[in-house]
Amino acid sequence: DGGITQSPKYLFRKEGQNVTLSCEQNLNHDAMYWYRQDPGQGLRLIYYSQIVNDFQKGDIAEGYSVSREKKESFPLTVTSAQKNPTAFYLCASSIGSRRSYNEQFFGPGTRLTVL
Amino acid sequence: GESVGLHLPTLSVQEGDNSIINCAYSNSASDYFIWYKQESGKGPQFIIDIRSNMDKRQGQRVTVLLNKTVKHLSLQIAATQPGDSAVYFCAVSGGYQKVTFGTGTKLQVIP
């Protein structure tokens, strides 16, 4: 079955530590995205990538970093510089054509808690 | 910047009735208007989108209406079912690869 997987589902981290969230897709999509969702809030864009080896900052990129070395993978690192990292993180992908970014396919999310 | 807001944080509807979820946006230059559904503990799922040159679009049991004069978007769900219980987000896009999401309306279906 095609889809997006995120691991782990729940992640706990001590304050001051970096942590990397995994996102893998086998949909052959060119574009991938990372969003952050806080309780009662909409989704806010952290980073996105339209093609391998290229990515752009979203609205709230500070304290985060990404890489796109393979088409299938778009890992997100939450660094110690991120002031409020506790949140629900969602990865998504889309085909990559002009209109297709409207229809993004989301993974199940990773809930990160900083202790 | 772009802002997108839903009128009600929670909407309760009797099973079998029609549901209407409303959304307001600020940027008249938006190209597309989109609705997503998020069930508890899951990622959002695309429902339907509408281009700015249209005022109505229908899907399976859903209709989206766009009123550009008052910058208002609505999602109508016909014959609401328990499986429709979820948080619904409206979103807008106006630039390549950039989608801005609203805060969401929680739809509760009463059996």
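Residues numbered from 1 in each chain as written. Chains lettered and ligands numbered in written order. Predicted model: local features only at pLDDT ≥ 70, side-chain atom pairs only at ≥ 80, totals over all residues. Heavy atoms only, no water.

Undergrad: Outline the pairing of strand 4 (residues 32-38) of chain B, supporting the account with residue identities and numerical values.
TA: All names here are of chain B. For strand 4, the tally of buried residues reaches 7 of 7 residues, placing the bulk of the element in the interior. Burial of strand 4 is two-sided: the residues Tyr32, Ile34, Tyr36 and Gln38 facing one way and the residues Phe33, Trp35 and Lys37 facing the other way are all buried. Bridge analysis of strand 4 against strand 5 (residues 45-51) gives 6 bridges, and the strand direction is antiparallel. In the sheet register, tyrosine 32 faces strand 5, and the bridge partner there is arginine 51. In sequence, strand 4 turns back onto strand 5 through a hairpin of 6 residues, with glycine 41 there showing a positive phi of about 75°. (Buried < 20%, exposed > 50% of the residue type's maximum accessible area, 1.4 Å probe, protein only. Helix = DSSP H or I, 4+ residues; strand = E, 2+ residues; numbered from the N terminus. Pairing = 2+ DSSP bridges.)

Undergrad: Please provide a residue-by-residue account of the interface of chain A and chain B, values included.
TA: Between chain A and chain B, the contact holds 27 residues from the first and 22 residues from the second. Together, the buried faces of chain A and chain B total about 2000 Å²; carbon and sulfur atoms form 51% of this surface. At the boundary of chain A and chain B, one finds 0 salt bridges. Remark: the boundary between chain A and chain B carries 5 residue pairs in polar contact (both at pLDDT 80 or more). When contributions to the side of chain A that touches chain B are tallied by element, the ones reaching two or more residues are strand 4 (31-37), strand 5 (43-51) and strand 9 (87-94) of chain A. Of the residues contributing to the side of chain A that touches chain B, the split by class is 11 nonpolar, 11 polar and 5 charged. (Contact = heavy atoms within 4.5 Å. Buried area = accessible area lost by both parts, 1.4 Å probe. Salt bridge = Lys/Arg side-chain N within 4 Å of Asp/Glu carboxyl O. Polar contact = N/O pair within 3.5 Å; in protein donor to acceptor, adjacent residues only side chain to side chain. Nonpolar A, V, L, I, M, F, W, Y, C, P; charged D, E, K, R; others polar.)

Undergrad: Give a detailed account of the sheet that holds strand 1 (residues 4-7) of chain A, specifying residues and quantitative values.
TA: Residues and elements named next belong to chain A. In spatial order, the strands read 1-3-8-7; together these 4 strands make up an open sheet with antiparallel pairing. Here the strands that pair on one side only, and so sit at the sheet edges, are strand 1 and strand 7 (64-66). When strand polarity is set aside, the average angle formed by the axes of neighbouring strands in this sheet is 20°. In this sheet, strand 3 (residues 19-25) lies alongside strand 1 in antiparallel orientation, the contact comprising 4 bridges. By the bridge assignment, serine 7 is partnered in strand 3 with serine 22. (Axes fitted to C-alpha atoms, helices over the stretch in contact; angles between N-to-C directions.)

Undergrad: Before we move on, can you summarise the nonpolar core with the specific residues and values?
TA: One recurring pattern in soluble globular proteins is that nonpolar side chains are buried together. Grouped together as the largest cluster of nonpolar side chains are 22 residues, with contacts concentrated most on Phe33(B), Trp35(B), Leu73(B), Leu75(B), Tyr88(B) and Leu107(B). Listing elements by their share of this core, those giving two or more residues are strand 2 (10-14), strand 3 (19-25), strand 4, strand 5, strand 7 (62-67), strand 8 (72-77), strand 9 (86-95) and strand 11 (105-110) of chain B. No other element matches the 4 residues that strand 9 of chain B contributes to this core. Counting 19 residues, the second largest nonpolar core, distinct from the first, contains Met32(A), Trp34(A), Tyr47(A) and Tyr64(A). (Core = buried A, V, L, I, M, F, W, Y, C linked by side-chain atoms within 4.5 Å.)

Undergrad: Quick one: what's the story with a nonpolar patch on the surface, residue by residue and with numbers?
TA: Residues and elements named next belong to chain A. On the surface, a nonpolar cluster with roughly 390 Å² of combined accessible area is contributed by Tyr10, Phe12 and Leu115. Mapped onto the elements of the fold, tyrosine 10 is located in strand 2 (residues 10-13). Under the relative-accessibility criterion, tyrosine 10 is labelled exposed at 52%. (Patch = residues over 30% accessible without salt bridge, like charges linked within 9 Å, V, L, I, M, F, W, Y side chains within 5 Å. Areas by Shrake-Rupley, 256 points an atom, 1.4 Å probe, with all protein chains shown as cover.)

Undergrad: Can you lay out the state of the cysteines for me, pointing to particular residues and giving the numbers?
TA: Residues and elements named next belong to chain B. Under the definition given, this model contains 2 disulfides over all chains. The disulfide partner of cysteine 23 is cysteine 90, and the gap between their sulfur atoms is 1.8 Å. The disulfide joining cysteine 23 to cysteine 90 has a torsion of about 55° about its S-S bond and is therefore right-handed. A residue pair is termed long-range when its members are at least 10 positions apart, and cysteine 23 in strand 3 and cysteine 90 in strand 9 qualify at 67 residues. Judged by its relative accessible area of 1%, cysteine 23 falls in the buried class. (Disulfide = S-S within 2.5 Å.)

Undergrad: Please provide a residue-by-residue account of the side chain of Lys37(B), values included.
TA: Residues and elements named next belong to chain B. Positionally, lysine 37 belongs in strand 4. Accessibility expressed as a relative area gives 14% for lysine 37, which makes it buried. Of the polar contacts made by the side chain of lysine 37, one reaches the side chain of glutamate 39; its length is 3.4 Å. Ignoring sequence-local partners within four residues, the contact set of lysine 37 consists of Gly43, Pro44, Gln45, Ile47, Gly83, Asp84, Ala86, Val87 and Tyr88.

The values are spatial; any link to function lies outside them.
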